[in-house]
Amino acid sequence: MEQTNNQPRIDLTEFSQKVNVIRQSIASVIVGQEMPVNLLLTAILADGHVLLEGVPGVAKTLLARVVSQLLDARFSRLQFTPDLMPSDVLGTTVFNMKNSEFDFHRGPVFADVVLVDEINRAPAKTQAALFEVMEERQASIDGTTYALGDLFTVLATQNPVEQEGTYKLPEAQLDRFLMKISMLYPTIDQEVAILQRHQSNARLVKLEHLQPVLTRDELLRYRALVANVYVDNSLLVYIAQVVQQTRSDRAVYLGASPRAAVALLRSSKAFALLQGRDFVTPDDIKYVAPSVLQHRMMLTAEAEMEGHTALKVVQRLINQVKIPN
């Protein structure tokens, strides 16, 4: 069926209704943060892992827990600490004296949605334990490979300002995250609304009272729709130009890779679907690009000394690329 202005190629009625319920449920717990919410839902729909970054107290963990609660899926939480070992993440083999064999005890990573709190607090060896499971959806332990589910998604949080007792994530692991979402302070009106909710406890919604909106099968079915979202060839050129721009700017030491271009395409299609459309617009690309690209770039030392951040540089580079008609 050809796409027209009046008749989309994909029937999104049911999907849009589900998305509206999810947004309303999140808003009943979290005030504001509309853009992080949109980006997080986009990443989950695009079958990608998410790194939520922000100072303590801006509801990073709460947002991840709320979204997990709204999905009827197996959930686990990992609190990363400096003494955490890879076996605490993946699991370990234990000798069974009854049958004189080794049994594998699965770790918390064997779930559909895994919340990793303060991911930069664990040493490199433990962080590396997530490499294979995030990319390949499998874990190799003692020579045996164990498959994870199709829904497997990592939602990780980190504090960008605290340095004591933290370990910088290696670039190889950062590249496993589809998006790095920055959560900022609320506005004055939003902060007043937060205080009003806490002043009147009756207006606070507890997590355990939230009912799942999407089943596991429904989410997998909606993820399959992303592949059918239409992208004009001019927008493919636009995505390539945006990524190329990150490789030629003086402020950038290491630009985004072709994998970043693919991630930008996938995210744009998922975001368009969340907006109730089965085709991508340039605004969709501009909306998701900063979160898809900022953690896949390295700035020069001079740019960092001048106070530039990867997020601001990406936003500037996007504005330098001509938007296709």
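Scroll up for the structure.
Worth saying up front: this structure is predicted, and the values here are computed from it rather than measured.

Parameters at a glance
- Residues numbered from 1 in each chain as written.
- Predicted model: local features only at pLDDT ≥ 70, side-chain atom pairs only at ≥ 80, totals over all residues.
- Heavy atoms only, no water.
- Helix = DSSP H or I, 4+ residues; strand = E, 2+ residues; numbered from the N terminus.
- Rg over C-alpha atoms; globule rule 2.2 N^0.38 Å.
- Contact = heavy atoms within 4.5 Å.
- Areas by Shrake-Rupley, 256 points an atom, 1.4 Å probe, with all protein chains shown as cover.
- Lys, Arg positive; Asp, Glu negative; His and termini not counted.
- Charge placed at Lys NZ, Arg CZ, Asp CG, Glu CD.
- Phe/Tyr/Trp six-rings, centres within 6.5 Å; stacked < 30°, edge-to-face > 60°.
- Buried < 20%, exposed > 50% of the residue type's maximum accessible area, 1.4 Å probe, protein only.

A.B. asks: I would appreciate a short explanation of the overall build of the chain in the present structure.
C.D. replies: Along its length, the chain carries 13 helices and 13 strands. Over its C-alpha trace the chain gives a radius of gyration of 21 Å, about what one expects of a compact globule, namely 20 Å for 325 residues. Principal axes of the C-alpha set define a box for the chain whose edges measure 70 × 50 × 50 Å. Across the chain, contacts joining residues at least 24 apart in sequence account for 78% of those joining residues at least 6 apart. When the accessible surface of the chain is split by element, carbon and sulfur atoms take 51% of a total near 16600 Å². The positive charge centre, built from 32 side chains, and the negative charge centre, built from 36, are 2 Å apart in the chain.

A.B. asks: Would you take a moment to explain the packing of aromatic side chains for this structure?
C.D. replies: Any pair of aromatic rings gets described here by the distance separating the centres and the angle formed by the planes. Counted by the stated rule, this structure contains two aromatic pairs. Between F15 and Y222, the aromatic rings sit 4.9 Å apart at their centres with planes inclined by 65 degrees, giving edge-to-face as the arrangement. Taken together, the residues span a long stretch of sequence, with F15 in helix α1 (residues 13-27) and Y222 in helix α8 (residues 216-225) at a distance of 207 residues. As far as burial versus exposure is concerned, F15 and Y222 are alike and both buried. With a centroid separation of 4.4 Å and an interplanar angle of 15 degrees, the aromatic rings of F271 and Y287 are classed as stacked. Within this pair, whereas F271 is found in helix α10 (residues 258-274), its partner Y287 is found in helix α11 (residues 282-293), the two being separated by 16 residues in sequence. Residue classification places Y287 among the partly exposed positions, given a relative accessible area of 22%.

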